[in-house]
Amino acid sequence: MSFNLTLATTQFVICVTDRRLSRPRGGIVSERSNKLTAFQCVDAHGFVTYNGIGLDPNGQTPSDWLADIDGLAGLPLDQFAAAIKTDADKRLNRLSSRGVDVRHTFVVAGFAGLDPFVMLISNYESLKADGHRMSARPALQIEQVRISTPITANVPYCLIATGAQPKSKKAIRERVIDKVKAGKPAKEIRGQMVKVVRDVAYQGDRKGSVGTSVHSGIVGLAPEFEINGHVPGGTTVLEAANYISPGFMAKDMWIDVGSDSGEPRWRYNPATRTAAISEKPCSNCRAPVPEGYARCGVCDTPTRPSREKRR
């Protein structure tokens, strides 16, 4: 189960999510699952992330589901959310008939006009206190918070954590909420949100369902998106979030900035019209390590010799 943090304020919205794909019964499948989509629709813009189902029997992720919904970006926000619910309900019902745990949540957050909003589309989580369930409802439900007036004593904001949860809420309060109330800039708060996600990864000794590789996005009142990847030790293969807008959609975007030799690899297969980024087992713990990563995200084993050893 992924861990996602979403923050909406009157000035910016930040979404942070880990990138691990794990098996329901344990074990890491991939460290580079894309769970973040930036979007523009008729009257809103922002991000969509998710937790729950990671990969369906067709090899598609819920990010792929979003990209496959015809005309999604051409809808107003309420219909945008309804289309996501309708499409996902059909897919989840098919998975449920196979005995799969279909607990699933989409988080949609951004700006509708000048109003920040956070929307939860879930069959087991809720924006209400103590509203979470241990089993999935028959269908997804849509809940929404619009921040048009302050919902706290002094600072209007909404922060929600979905999926796997930290053992203590203290880190969220000290690292994120206190900085929001102090008026810290978006990039500083984003950095603290990344640390909170990694704290959850360390709860499971970095071997659980939440990984240390993280995607983040920041957007303001204008639809100008800043997408970042946060990989321990760094990487030479930079991957972006998916992007959907009226008349345009892009998915599986990445940039190879080159290895130590300065020679990026050409990965595109014209026959399949796809490109592949390999993941090889770590030489120490056998966890998958994506191509370009400087070290294993589970045990920190370097993927290439240090400069001293190469000399």
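Everything quoted here is computed from the prediction, not taken from an experiment. (Residues numbered from 1 in each chain as written. Predicted model: local features only at pLDDT ≥ 70, side-chain atom pairs only at ≥ 80, totals over all residues. Heavy atoms only, no water.)

(A) Quick peek at helix α3 (residues 170–181). For α3, built from 12 residues, the straight-helix expectation of 16 Å at 1.5 Å per residue is met to within 8% by its first-to-last C-alpha distance of 15 Å. Those residues of α3 that fall on the buried side of the exposure criterion are Ile172, Val176, Ile177 and Val180. All buried residues of α3 project into a common sector of 85° when viewed along the axis, lining one side. On its buried face, α3 sits against β1 (3–9), β10 (157–163) and α4 (186–203). Just downstream of α3 lies Gly183, where phi reads positive at about 75°. (Helix = DSSP H or I, 4+ residues; strand = E, 2+ residues; numbered from the N terminus. Expected span 1.5 Å × (residues − 1). Buried < 20%, exposed > 50% of the residue type's maximum accessible area, 1.4 Å probe, protein only. Arc of directions from axis to C-beta. Contact = heavy atoms within 4.5 Å.)

(B) Examining the sheet that holds β10 more closely. The five strands are arranged β10-β1-β2-β11-β12 in an open sheet whose pairing can be described as antiparallel. The two strands at the open ends of the sheet, each matched to only one other strand, are β10 and β12 (225–230). Mean inter-strand twist for the sheet, computed between neighbouring axes without regard to direction, equals 10°. As judged from the five bridges shared by β1 and strand β2 (residues 13–18), these two strands associate in the antiparallel manner. (Pairing = 2+ DSSP bridges. Axes fitted to C-alpha atoms, helices over the stretch in contact; angles between N-to-C directions.)

(C) The arrangement of the pattern of salt bridges in detail. Summed over all chains, the structure comprises 16 salt bridges. Where Lys35 meets Asp18, a salt bridge forms, and the shortest distance between an N and an O atom there is 3.6 Å. Highlighted residues: Lys35 in the loop between β4 (28–30) and β5 (36–40) and Asp18 in strand β2, separated in sequence by 17 residues. The same class applies to Lys35 as to Asp18, namely buried. Between Lys251 and Asp64 there is a salt bridge whose closest N-O contact spans 2.8 Å. Here Asp64 lies in helix α1 (residues 62–68) and Lys251 lies in the loop between β15 (248–250) and β16 (254–256), a separation of 187 residues in the sequence. Residue Lys251 is classed as partly exposed on the basis of its relative accessible area of 29%. When salt bridges with common partners are traced through the structure, they connect Arg19, Arg32 and Glu239 into a single cluster. (Salt bridge = Lys/Arg side-chain N within 4 Å of Asp/Glu carboxyl O.)

(D) Expanded view of the environment of Ala161. Of note, Ala161 is situated in strand β10. For Ala161, the contacting residues outside a window of four places in its chain are Phe3, Asn4, Leu5, Glu125 and Ile172.

(E) Here's a closer look at the side chain of Ser126. Locating Ser126 in the fold gives a position in the loop between β8 (115–122) and β9 (141–146). The class for Ser126 is buried, based on a relative accessible area of 11%. Polar contacts involving the side chain of Ser126 include one to the side chain of Glu143, which spans 3.1 Å. (Polar contact = N/O pair within 3.5 Å; in protein donor to acceptor, adjacent residues only side chain to side chain.)

(F) Quick look at the packing of α3 against α4. Put simply, α3 and α4 touch, their axes get as near as 9 Å, and they point 170° apart. Classified by the interaxial angle, the pair formed by α3 and α4 is roughly antiparallel. Residues Ala171, Ile172, Arg175, Val176, Lys179 and Val180 of α3 lie in contact with α4, whose contacting residues are Glu188, Ile189, Gln192, Met193, Lys195, Val196 and Asp199. Looking at the contact of α3 with α4 residue by residue, the class counts come to seven nonpolar, one polar and five charged. (Parallel < 35°, antiparallel > 145°, perpendicular 65-115°, else oblique. Nonpolar A, V, L, I, M, F, W, Y, C, P; charged D, E, K, R; others polar.)

(G) Main features of a nonpolar patch on the surface. A grouping of Leu238, Ile255 and Val257 is seen on the molecular surface, where their side chains present a nonpolar patch of about 270 Å² in accessible area. The residue Val257 is located in the loop between β16 and β17 (268–269) in this model. (Patch = residues over 30% accessible without salt bridge, like charges linked within 9 Å, V, L, I, M, F, W, Y side chains within 5 Å. Areas by Shrake-Rupley, 256 points an atom, 1.4 Å probe, with all protein chains shown as cover.)

(H) Quick look at the packing of aromatic side chains. Tallying each qualifying case throughout the model produces five aromatic pairs. Judged by centre distance (4.6 Å) and plane angle (25°), the rings of Phe39 and Phe80 are stacked. With Phe39 in strand β5 and Phe80 in helix α2 (residues 77–96), this pair connects stretches of sequence that are 41 residues apart. Grouping residues by exposure puts Phe39 and Phe80 together as buried. In textbook terms, an aromatic cluster arises when at least three aromatic residues are bridged by ring pairs, as seen for Phe47, Phe225, Tyr243 and Phe248. Note that Arg103 overlies the ring of Tyr124, its terminal NZ or CZ placed 5.6 Å from the centroid. (Phe/Tyr/Trp six-rings, centres within 6.5 Å; stacked < 30°, edge-to-face > 60°. Lys NZ or Arg CZ within 6 Å of the ring centre and 35° of its normal.)

(I) Representation of empty space enclosed by the protein. Tallied over the full model, the rule gives one cavity of 30 Å³ or more. Put simply, the largest cavity is a space of about 40 Å³. Contributing to the lining of the largest cavity are Glu31, Thr212, Ser213, Pro232, Pro288, Val289, Pro290, Tyr293, Arg295, Cys296 and Gly297. The class makeup of the residues in the lining of the largest cavity is six nonpolar, three polar and two charged. (1 Å grid on protein atoms, 1.4 Å probe; cavity = no way out; pocket = protein on both sides within 12 Å on 5 of 7 lines; lining within 4 Å. Points joined across faces, edges and corners; volume = space filled by probe spheres on them.)

(J) Expanded view of the pairing of strand β7 (residues 105–112). Extensive coverage of β7 is indicated by the burial of eight of its eight residues. As defined by bridge partners, strand β6 (residues 44–51) adjoins β7 across eight bridges and the pair is classed as antiparallel. Following the sheet pairing, Tyr50 is matched in β7 by Phe106. The sheet contact formed by β7 and β8 spans eight bridges and is antiparallel. What sits directly across from Phe111, in β8, is Pro116.

These figures capture arrangement, not role.
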